[in-house]
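# Fold and contact review
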Amino acid sequence: MQIALNSNSSCLYRCQARRILQLHPFLLPCSTAFRFPTLRPLRCRAMASSPPSVQVRDSIDLTPKETQIFQKLLEVVRHFSLPTQLRVAGGWVRDKLLGKECYDIDIALDDMLGREFCEKVNDYLSYTGEEKQGIGVIQCNPDQSKHLETARMRLFNEWIDFVNLRSEDYSENSRIPTMRFGTAEEDAYRRDLTINSLFYNINTSSVEDFTGRGIEDLKSGKIVTPLPPKDTFLDDPLRVLRAIRFGARFGFILDEDLKLAASCDDVRAAIADKISRERIGHEIDLMISGNEPVKAMAYICDLLLFSVVFSLPPNVKPAISEDCDRLCVGYINAGWNLLQLVGSSTFNDEQRRLYLYAALFLPFRKTLYEGGKARKLNCKLIPVVNHIIRNSLKLRATDADTVVSIHSAVEKFISLIPFIESSESIQISEAEWGIEILDLPVCSKLRILTGLLLREIKDFWRVALMVSTLLYSSDINHAEDISKNNIQLDKRRKVFEMVENAIVGLGLEEVWEVKSLVNGRDIMNVLLLKSGGPLVKDWQQKLIQWQLAHPSGTAEDCLDWMRQKRAKRS
């Protein structure tokens with residue numbers, strides 16, 4: 001079964017079958033794939049790692065609040081003489097056994113719906129004279145991986161989810177299962193991974209491992225599916241991305257059979273056909289925002305999923321390079337290492353997230369495609385990165401706009417860095433910058449151009465600067481062996497810090513917050529105009545340049561310069 005993808009995605013598969021072995025110094029040695037469709041990927045660094053040493057606790061220690069919550073739930077069971085077994089499911093159990101705190105408590109019920117049990121809780125609270133709590137019911141939503149109705153209520157100021165144990169049956173062409181009440185064992189086996197199949201039985205205060213592998217795989221640091229991996233992934237292909245995310249997050253290794261199943265044609269086709277783009281984007285976003293984004297992207301590369309996840313539009317220009325997926329992983333690897341070297345506190349969470357997307361898609365920064373309907377003669381050329389973020393991942397439009405703006409700013413930063421380093425005379429292409437640059441001294445031109453750039457990119461200027469250092473090559477030897485990568489990164493760190501300090505020294509670090517000294521009406525008065533228009537806008541741009549060149553100038557100084565400039569032209 002072949003995957004029905006557009007020509008550019010098919011090109012990526014062909015590219016993966018013709019790997020170039022000579023790597024850029026930053027690149028992870030990702031997989032080499034044999035001829036499609038029978039693909040047998042070699043391991044990249046993320047997949048060749050040895051099993052980690054994992055400390056797993058013998059029992060679960062409850063916090064005082066968890067003890068309060070569980071005792072209250074048991075009181076409800078006893079008060080109504082219910083036979084119900086209360087079990088905490090999934091991630092909470094896994095994290096508590098790993099010694100991590102988790103506030104996401106999901107209660108699985110063996111004999112009633114979550115909504116019904118929440119009503120029992122409220123009846124008991126009313127009986128004891130306590131305040132009833134509101135019950136929220138989250139309807140099933142397969143596109144959001146909600147296959148069953150979930151009830152939610154607050155207890156002791158914590159949100160608790162309640163859902164019944166279930167068993168799932170899948171149809172051939174859908175990832176939406178048919179649900180029925182199931183046993184705890186059936187529920188455990190229908191979960192994505194063995195490490196997520198564990199239960200904590202509140203009634204007996206014990207951990208339950210119905211697959212017989214959950215605790216073992218947790219201790220050995222393995223990502224394994226409870227059932228045969230190909231069947232598990234074909235039932236719900238989203239589980240492939242979840243396996244990758246958890247493998248990267250915990251530093252666990254992927255089971256060999258799991259890797260073979262995840263990279264097979266049928267599963268890749270199922271990912272493309274059965275999962276909504278919103279869910280793919282959500283999983284990728286969790287990976288990028290997580291603690292091991294490079295390892296996650298390396299897994300995607302190694303499992304030959306790059307072109308399935310980051311699908312491209314047709315008619316891209318220029319053509320995609322043969323090793324584009326490895327280049328992308330190489331750049332996010334370099335970007336991640338550079339960020340750790342400079343200091344992760346340099347960016348806030350949103351800046352860090354978009355910085356990593358900008359680094360990942362850096363090889364596509366000049367790749368365009370024809371937007372609009374094909375029948376139009378003059379189709380607008382749109383950055384491919386815009387398509388990937390908006391359409392392939394269905395992330396926010398502002399995310400796409402910001403990453404495209406970062407890539408645009410990168411080119412301008414690269415042209416400025418040599419002059420910031422040397423203070424030599426600036427020779428800048430006005431066409432490249434899209435502005436007419438005023439004829440002013442070198443030091444003023446540098447402040448003008450840098451200020452204009454920062455006014456465009458605003459508080460993402462440090463992000464754009466750091467991305468630009470990944471491309472800047474001055475005395476950085478791109479041909480050096482990967483063993484000297486740390487030396488190259490240190491040079492890039494020095495370039496980043498040098499330019500950052502120069503910008504701060506020029507007083508431009510928040511230049512976009514500076515208001516114009518003169519407004520449109522002032523300009524119209526000097527020009528003797530009764531209404532605005534392109535001429536006023538043109539002068540506004542010139543006056544911003546003047547203001548950047550004369551940071552101590554006043555509004556009257558600015559208008560005097562405008563009058564003199566206009567008189568010379570007359």
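Summary of the structure given here. (Residues numbered from 1 in each chain as written. Predicted model: local features only at pLDDT ≥ 70, side-chain atom pairs only at ≥ 80, totals over all residues. Heavy atoms only, no water.)

### Things to note about the overall build of the protein
The helix and strand inventory of the protein stands at 24 helices and 14 strands. For the protein, the share of sequence-separated contacts (at least 6 apart) that also reach a separation of at least 24 residues comes to 68%. Approximately 25,800 Å² of the protein is accessible, and the part contributed by carbon and sulfur atoms is 48%. (Helix = DSSP H or I, 4+ residues; strand = E, 2+ residues; numbered from the N terminus. Contact = heavy atoms within 4.5 Å. Areas by Shrake-Rupley, 256 points an atom, 1.4 Å probe, with all protein chains shown as cover.)

### Examining the environment of L312
Note that L312 resides in the loop between α13 (306–309) and β12 (316–317). In this structure L312 comes out as buried when scored by relative accessible area, which is 2%. Considered as a pair, L312 and V385 are 73 residues apart in the sequence and their alpha carbons are 8.8 Å apart. (Buried < 20%, exposed > 50% of the residue type's maximum accessible area, 1.4 Å probe, protein only.)

### Re unusual backbone geometry
Residue P318 follows K317 across a cis peptide bond; omega there is -10 degrees. Within the secondary structure layout, P318 lies in the loop between β12 and α14 (324–342). Even without being glycine, N157 reaches a positive phi, approximately 65 degrees. Along the chain, the position of N157 falls in the loop between β4 (150–155) and β5 (158–164). Phi is positive for L528, which is not a glycine, with a value near 60 degrees. Along the polypeptide, L528 turns up in the loop between α22 (520–527) and α23 (534–549).

### Notes on the sheet that holds strand β9 (residues 206–208)
A sheet is described by the order of its strands in space; here 7 strands give the open sequence β3-β4-β5-β2-β1-β8-β9, paired in mixed fashion. With partners counted over all chains shown, the strands left at the sheet margins are β3 (136–138) and β9, one partner each. Geometrically, the sheet is characterised by an average inter-axis angle of 35 degrees between neighbouring strands, direction not taken into account. Alignment of β3 against β4, held across 3 bridges, turns out to be antiparallel. When the bridges of β4 are listed, V137 appears paired with A151. Strands β1 (86–89), β2 (105–109), β4, β5 and β8 (199–201) of the sheet are contacted by helix α2 (residues 64–79), whose axis makes an angle of about 20 degrees with β2. The sheet strands contacting helix α4 (residues 114–127) are β1, β2, β3, β4 and β5, and the helix crosses β4 at an angle near 25 degrees. (Pairing = 2+ DSSP bridges. Axes fitted to C-alpha atoms, helices over the stretch in contact; angles between N-to-C directions.)

### Points about the pairing of β4
Two faces make up the sheet, and in a regular strand the side chains alternate between them. Where β4 and β5 come together, 5 bridges link them in antiparallel fashion. Across the sheet, M153 pairs through a bridge with I160, a residue of β5.

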